[in-house]
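# A look at the structure
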Amino acid sequence: MIIKVENLVKTYKSYERGNTFKETVVSLFRRKIKYVEALKGISFSIDKGELVGFLGPNGAGKSTTLKVLTGILFPTDGKVDIMGYTPWKERKKYVSNIGAVFGQKSQLLWDIPPVDAFYLNKAIYSIDDKSFKKNLDYMVELLSVQNLIKKPTRLLSLGERMKCEFIMAMLHNPKIVFLDEPTIGLDVIAKDRIREFILEMNKKGVTFILTTHDLGDVERLAKRVIVVNHGETVFDNSIDALRSHLGTKKLVSISTHEPLPSLEIPGVLVKSKMSAYDAELELDVSTMEINKFIDYVNKKSSLSDMSVQELPIEGVIKDLYSSRKE
Amino acid sequence: MITAMYIHLQGIKTALAERMAYRGDFFMSTFIMLIVEFLVPLVTYLIYANGASFPGWDMYEVLMVQAIFLLSRGIAFPFFFGMVWNTIERVREGTFDLILIKPRSVLHMAIVTGFDAEDVGKFFGGAILFIVSIVNVPFPGLLEWVTFLALFCVSLIVMFGFALILSGLGIVWIGNYRVYEIFFSVTNFGMYPASIFSKSIQTIITSILPIAMLGFIPASAMLGRPAEGTFFSVIISFVFLSICLLFWKTMLKRYTSAGG
């Protein structure tokens, strides 16, 4: 086990300023203190070499968890053991073993080429010349950025910059890499390249914790998913278990020669009715088996076309995100 | 220590490369910095040119106080005072987090990534004024030079203390650039001979908040007329630095980061 988190609690103190003019003036002299519980006792553990998707809606506590795990924030309570370190207590030693990519915070320097920023990191992490060159050459080749690293960062596209962010985060051979929305705003080709890179590095034994709102990232990369909501863990299992979280539901599209029969029957939920002959529905096969459903439709009408698919992961996530609301 | 120096040099190199990306702006800013630094000495010149004076001090002696103040600021601003601006900006944008994930002292990283190349202009301004003053006062002996250099180092320690306070405030007082105005208003007392102020102000700037150390005390040593209570001010300067360091660390613990 490389990461062990037990009952992690983080409470922020904030001030209510009010929105009316009177409240704003009063808040200049007397502010109402408000305590926000960002994390309410999160626990999980991660093994070496795992690639875990860490999901949750905005404000769920994902970034706060990540910030505690990277040693940026002190928690209010709880225990964290990562490679034998407590991140906020032994920050300097600990962070030399981790890397981080923040999709919305760049480690590169805007006006100068990424390679200059790589050299600054070389000094900061005391990377020897041989390892630096080896890692740089390998990652530059893998991400095909040979011609880009010497161009000023401001001239690079978002996708090109993100590739360089990954190099920056991994030059020092980190054992764990925290990714906070690494593919945000990228086109499909750039996303694909980044995902391939992550999988390649994961094969080499690097542990990844991926925070994202892009479920494509999760489906393509993560074998395990942790979902947090309202500062609590609401799901921690494999991606397959996540898919079956809503039970045995399928997404069914049907077309008929004659008008559709009434679909208000147990186990069937009409998602959309495109015409009198076409509909998309959610079928709970534990209540209504597929062959029985086909029989039902054929008896009342005549089936001309039908497709059965797994429910998209979005449905599961939406369900988890809306769970445990106060 | 060697690694820290190497990181510092690499940081300076990177900051220079970054600033040089816009050469025109860089040279213009440096030149403006140099010109702006001459404003207070210019006022001093005008005072003396019109027959007025600071009692007990001739013009070049006063200019010496101001030159040393500017030299101290000219070293502090490019080399470590940039951490104030750097901290305020980074905390506001949320990129202070990136400093915290580096395996180095947060303070060191705040200084390294805050190197402010164009502020070198302040140093040149101070150096020019220093040369103008030194050739117009009796040339100091070896003892005066040694004492001056030692006190000048202490003046940098006081400057560092101020940088720590302002940077610490920037951690919890999000996006407040007024801290510079506070700094300039308070430290301006150090640009004049302390003897022109009332006794209570003299006590404050030498024994409580060692602002006199920024210009007046090292200049007095250079001019061969050591200020009263110099040794005590040196001790106070170190106490000041310790308090500032403690303050900065306390503020760092209160860092809450920006939303994700």
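The rules behind each value
- Residues numbered from 1 in each chain as written.
- Chains lettered and ligands numbered in written order.
- Predicted model: local features only at pLDDT ≥ 70, side-chain atom pairs only at ≥ 80, totals over all residues.
- Heavy atoms only, no water.
- Pairing = 2+ DSSP bridges.
- Helix = DSSP H or I, 4+ residues; strand = E, 2+ residues; numbered from the N terminus.
- Axes fitted to C-alpha atoms, helices over the stretch in contact; angles between N-to-C directions.
- Domains from an automatic or database assignment.
- Contact = heavy atoms within 4.5 Å.
- Buried area = accessible area lost by both parts, 1.4 Å probe.
- Salt bridge = Lys/Arg side-chain N within 4 Å of Asp/Glu carboxyl O.
- Polar contact = N/O pair within 3.5 Å; in protein donor to acceptor, adjacent residues only side chain to side chain.
- Expected span 1.5 Å × (residues − 1).
- Buried < 20%, exposed > 50% of the residue type's maximum accessible area, 1.4 Å probe, protein only.

### Things to note about the sheet that holds strand E11 (residues 268-273) of chain A
Residue and element names in this part refer to chain A. Spatially, the four strands line up as an open sheet ordered E11-E12-E10-E13, and their pairing is antiparallel. Each edge of the sheet is formed by a strand with only one pairing partner; in this case those strands are E11 and strand E13 (303-310). Averaged over all pairs of adjacent strands, the angle between strand axes in this sheet comes to 25°, irrespective of strand direction. Here five bridges tie E11 to strand E12 (residues 278-284), and the two strands are oriented antiparallel to one another. Its bridge partner being in E12, Val270 is matched across the sheet by Leu281.

### So, the domain arrangement of chain A
Residue and element names in this part refer to chain A. Once the domains are mapped, chain A shows domain 1 (47-243) and domain 2 (247-321). Between the C-alpha centres of domain 1 and domain 2 the distance comes to 40 Å. Every contact between the two is made by twelve residues of domain 1 and, on the other side, six residues of domain 2. A buried area of about 920 Å², summed over both sides, lies between domain 1 and domain 2, and 73% of it is on carbon and sulfur atoms. On the domain 1 side of the contact with domain 2, Leu215, Leu242 and Arg243 bury the most area, a combined 49% of that side's loss. Linking domain 1 with domain 2 are zero salt bridges, by the criterion used here. The interface formed by domain 1 and domain 2 holds zero residue pairs in polar contact (both at pLDDT 80 or more) in total.

### Points about unusual backbone geometry
Of note in the backbone geometry, Ser144 of chain A takes a positive phi value of approximately 50° without being a glycine. Checked against the element boundaries, Ser144 of chain A lands in the loop between helix H5 (129-143) and helix H6 (158-170).

### As for the sheet that holds strand E1 (residues 3-16) of chain A
Residues and elements named next belong to chain A. Ordered in space as E2-E1-E4, the three strands form an open sheet in which the pairing is antiparallel. Each of the sheet's edge strands pairs with one partner strand only, and the pair in question is strand E2 (32-46) and strand E4 (77-82). Strand after strand, the sheet turns through a mean of 30° between neighbouring axes, direction not considered. Alignment of E1 against E4, held across five bridges, turns out to be antiparallel. Looking at the pairing, Ile3 lines up with Ile82 of E4. Across the sheet, helix H2 (residues 62-69) touches E1, E2 and E4, and the angle it forms with E2 is around 70°.

### As for helix H1 (residues 2-20) of chain B
Look at H1 of chain B: 27 Å from first C-alpha to last across 19 residues, which is about the 27 Å you get at 1.5 Å a residue. Inspection of H1 of chain B places Ile7, Gln10, Gly11, Ile12, Thr14, Ala15 and Arg19 of chain B among the buried residues, and these make up the whole buried set. The elements touched by buried residues of H1 of chain B are helix H4 (114-124) of chain A together with helix H2 (23-37), helix H4 (59-93) and helix H6 (106-112) of chain B.

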